[in-house]
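Geometric and topological summary
Residue strings, one per chain:
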Amino acid sequence: MLTKKGKYGLKAMVHLAEATQDDLISVGEIAKARNIPRKFLDNILTDLRVAGFVQSRKGKGGGFCLAKPADQITIGNIIRSLDGPLAPLPCASKTGYKACEDCIEEDCKIRRMMLEVREAIASVLDKRTLADGYSDL
């Protein structure tokens, strides 16, 4: 399930994608426009900066902008950076794989189904970029 952190992060990234390239947008402006608690948004934008999705500049006239063009940032990668793997179970994850202690993977029908679920989610989220336009988020 998408967490509030993931949802708010997507909203902030959409806001930045809609800005004119190289415009720096303040945290306060994003928080107000997208109805996101400012303190929470500060932490989210820090995580997005560390992940390489946004750049920031401090001081007067400072703020945030995308670190690369919107068409190079997938929705799936934003969610992974904020919420972790897309898979519903660790044994079905590509980026956070962990074997289950209570089953034999080769025989596990639940794992097979969750692998399908993971692939379906990734096939949608990894094809969509910020450039696709999500202004209603």
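Here the structure is shown first, and the text comes after it.
As the structure is a prediction and not an experimental result, all values here were calculated from the model. (Residues numbered from 1 in each chain as written. Predicted model: local features only at pLDDT ≥ 70, side-chain atom pairs only at ≥ 80, totals over all residues. Heavy atoms only, no water.)

1. Side note on the overall build of the chain
Counting its secondary structure elements, the chain contains 5 helices and 2 strands. What you see in the chain, going N to C, is helices and strands ordered as α-α-α-β-β-α-α. Across its three principal directions, the C-alpha atoms of the chain cover 60 × 25 × 25 Å. Out of the 137 residues belonging to the chain, those deemed buried represent 38%. When contacts within the chain are restricted to residue pairs at least 6 apart in sequence, long-range pairs at least 24 apart make up 61% of them. The positive charge centre, built from 22 side chains, and the negative charge centre, built from 18, are 6 Å apart in the chain. (Helix = DSSP H or I, 4+ residues; strand = E, 2+ residues; numbered from the N terminus. Buried < 20%, exposed > 50% of the residue type's maximum accessible area, 1.4 Å probe, protein only. Contact = heavy atoms within 4.5 Å. Lys, Arg positive; Asp, Glu negative; His and termini not counted. Charge placed at Lys NZ, Arg CZ, Asp CG, Glu CD.)

2. Quick notes on the nonpolar core
Among the nonpolar cores identified, the biggest contains 30 residues, and Met13, Leu41, Leu45, Leu48, Ile78 and Leu130 are the most heavily contacted of them. Sorting the residues of this core by element identifies α1 (4–18), α2 (27–34), α3 (38–50), β2 (63–66), α4 (75–83) and α5 (109–125) as the ones contributing at least two each. Here this core gets 6 residues from one element, more than from any other, and that element is α1. In this structure, Leu41 is in contact with Ala12, Val27, Ile30, Ala31 and Ile36, ignoring residues within four places of it in sequence. (Core = buried A, V, L, I, M, F, W, Y, C linked by side-chain atoms within 4.5 Å.)

3. Comments concerning the side chain of Glu105
You can see Glu105 is positioned in the loop between α4 and α5. At a separation of 2.3 Å, a polar atom in the side chain of Glu105 contacts the side chain of Tyr97. Contacts of Glu105, omitting those with residues within four sequence positions, involve Cys91, Tyr97, Ala99, Cys100 and Arg111. (Polar contact = N/O pair within 3.5 Å; in protein donor to acceptor, adjacent residues only side chain to side chain.)

4. Notes on α4
All buried positions along α4 are accounted for by Ile75, Gly76, Ile78, Ile79, Arg80 and Leu82. Each element contacted by the buried residues of α4 is listed here: α1, α3 and α5. Phi for Gly84, located one or two positions after α4, is positive at around 90°.

5. Quick word on the packing of aromatic side chains
Scanning the model with the defined rule gives 1 aromatic pair in all. Judged by centre distance (5.6 Å) and plane angle (80°), the rings of Tyr8 and Phe40 are edge-to-face. With a gap of 32 residues between them, Tyr8 in helix α1 and Phe40 in helix α3 connect regions that are remote in the sequence. Classification of Tyr8 by relative accessible area gives buried; the value is 11%. (Phe/Tyr/Trp six-rings, centres within 6.5 Å; stacked < 30°, edge-to-face > 60°.)

6. Concerning the side chain of Arg80
Position of Arg80 among the secondary structure elements: in helix α4. With a relative accessible area of 17%, Arg80 lands in the buried category. When near neighbours in sequence (up to four residues on either side) are disregarded, Arg80 contacts Leu86, Thr95, Arg118, Ala122 and Asp126.

7. A closer look at the pattern of salt bridges
Evaluation of the coordinates by the stated rule reveals 6 salt bridges. Ionic pairing is found between Asp47 and Lys5, a salt bridge with its closest N-O pair at 2.7 Å. Note that Asp47 is positioned in helix α3 and Lys5 in helix α1, a separation of 42 residues in sequence. Taking relative accessible area as the criterion, Asp47 reaches 28% and is therefore assigned partly exposed. Note on Lys5: relative accessible area 26%, which makes it partly exposed. We note a salt bridge from Glu18 to Arg34, for which the minimum N-O separation is 2.7 Å. (Salt bridge = Lys/Arg side-chain N within 4 Å of Asp/Glu carboxyl O.)

8. A word on the environment of Gly62
Tracing the backbone through its elements, the reader meets Gly62 in the loop between β1 (54–57) and β2. Placed 35 residues apart in sequence, Gly62 and Val27 show a C-alpha to C-alpha distance of 9.5 Å. Setting aside residues no more than four positions away along its own chain, Gly62 makes contact with Leu24, Ser26 and Arg57.

Function-wise, these values are silent; they only describe arrangement.
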